[in-house]
Amino acid sequence: AMFTGCRIEEIAKLKPDDVRLVGKRYIISIREAKTKSGIREIPISNAIHHVIAQRILNSEYLFPNGSNNTSGNRSDMYSKRFGRVKTKLGFDSSKVFHSIRKSFCTKLEQAEVPESISADLVGHFKASMTYGLYSGGSSIEAKVKAIDAVAYKIEQGEV
């Protein structure tokens, strides 16, 4: 989520077939989303390339421990696990998994990524006639440049 801006359910539903290699870069296809704008392609950051490379070989889903509830959602278990981890780290109930999506958007804005490219990455509707109605969307190259502008400082160092 930190490097894609994906919603938790979008991540939980990813399958190896949703990943393709273009040059040296993995691209994930979000085929099931909350909205029509959510159907999109996202380049994978080099920071997590090795994770995707390993996971496309191992199971039916990239994140195989998802739980299918009666609504068909696979993310419940991951959401609960996230809640336990963030509480252990000292975060309160105001921080939820979706907060990561907000942080991703903030990182894009701070890197001066044009809003139209950010919208294409996170699957937001574009209201303008020019980009919202007539455009086919941002190029993979523009999305790669935007993804590469996102970095985080974590305990082990720069990611």
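Throughout this description, residue numbers start from 1 for each chain and increase along the sequence as written. Note on the predicted model: pLDDT of at least 70 is required for a residue's local features to be given, and 80 or more for side-chain atom pairs to be given and counted; whole-chain, interface and lining totals, by contrast, use all residues. In computing side-chain values, all of the structure's heavy atoms are included and hydrogens and water are not.

Only runs of H or I of at least four residues qualify as helices and only runs of E of at least two qualify as strands under DSSP, and these elements are numbered from the N terminus. For the protein chain, the count of helices and strands is seven helices and five strands. Of the regular secondary structure in the protein chain, the N- to C-terminal order runs α-β-β-β-α-α-α-α-α-α-β-β. Just to be clear, the radius of gyration here is over C-alpha atoms, and the globule rule we use is 2.2 Å times residues to the power 0.38. Computed over the C-alpha atoms, the radius of gyration of the protein chain is 16 Å, within 12% of the 15 Å expected from 2.2 N^0.38 for a compact globule of 159 residues. Dimensions of the protein chain along its principal axes, counting C-alpha atoms only, are 45 × 30 × 30 Å. Throughout, exposure labels follow a simple rule: accessible area from a 1.4 Å probe, protein chains only, divided by the maximum for the residue type, with under 20% read as buried, over 50% as exposed, and the rest as partly exposed. Evaluated residue by residue, the protein chain yields a buried proportion of 35% over its 159 residues. Intrachain contacts of the protein chain at a sequence separation of at least 6 include 54% that bridge at least 24 residues. In this analysis, two residues are considered to be in contact whenever any of their non-hydrogen atoms come within 4.5 Å of each other.

Moving on, we get to a positive patch on the surface. A cluster of like positive charges, contributed by Lys 80, Arg 81, Arg 84 and Lys 88, occupies part of the molecular surface. Mapped onto the secondary structure, Arg 84 falls in helix H3 (residues 76–88). Residues enter a patch when their relative accessible area is above 30% and they make no salt bridge; the linking distance is 9 Å between like charges and 5 Å between nonpolar side chains (Val, Leu, Ile, Met, Phe, Trp, Tyr). Computed by Shrake-Rupley with a 1.4 Å probe, the accessible areas treat only the displayed protein chains as cover when residues are assessed. Should a side-chain nitrogen of Lys or Arg be within 4 Å of a carboxyl oxygen of Asp or Glu, the pair is scored as a salt bridge. In this tally, Lys and Arg are treated as positive and Asp and Glu as negative; His is ignored, and so are the chain termini. In plain terms, the charge of a residue is placed at NZ if it is Lys, CZ if Arg, CG if Asp and CD if Glu.

This part takes up the nonpolar core. Ile 28, Ile 42, Phe 104, Leu 108 and Leu 121 are the most contacted members of the largest nonpolar core, which has 27 residues in total. Listed by contribution, the elements that provide at least two residues to this core are helix H1 (8–12), strand E2 (25–30), helix H4 (98–110), helix H5 (115–122) and helix H7 (140–148). Beyond its immediate sequence surroundings of up to four residues, Ile 28 is in contact with Thr 4, Cys 6, Leu 14, Asp 18, Val 19, Arg 40, Glu 41, Ile 42 and Ile 44. Residues belong to a common nonpolar core when they are buried Ala, Val, Leu, Ile, Met, Phe, Trp, Tyr or Cys residues joined through side-chain atoms within 4.5 Å.

An ideal rise of 1.5 Å per residue puts 18 Å on 13 residues; H4 measures up with 19 Å between its terminal C-alpha atoms. For H4, the full list of buried residues reads Ile 100, Arg 101, Phe 104 and Leu 108. Buried residues of H4, viewed axially, fall in a sector of 105 degrees; they line one side. Exposed side of H4, more than 90 degrees from the buried face: Lys 102, Glu 109 and Gln 110 are the residues found there. Looking at the residues trailing H4, positive phi occurs at Glu 112, about 60 degrees. Between the first and last residue of a helix there are one fewer steps than residues, each counted as 1.5 Å, and that sum is the expected span. Directions drawn from the helix axis to the C-beta atoms are what define this arc.

Turning our eyes to something else, we now look at a nonpolar patch on the surface. Where nonpolar side chains cluster on the molecular surface, the patch consists of Val 85, Leu 89 and Phe 91 and spans about 300 Å² of accessible area. Within the fold, Phe 91 resides in the loop between H3 and H4.

Okay, the environment of Arg 25 next. One can find Arg 25 in strand E2. Judged by relative accessible area, which is 11%, Arg 25 ranks as buried. A C-alpha to C-alpha distance of 8.1 Å links Arg 25 and Ser 45, two positions 20 residues apart in sequence. Setting aside its immediate chain neighbours within four residues, Arg 25 contacts Arg 20, Pro 43, Ile 44, Ser 45, Asn 46, Val 144, Ile 147 and Asp 148.

Geometric values such as these leave the question of function open.
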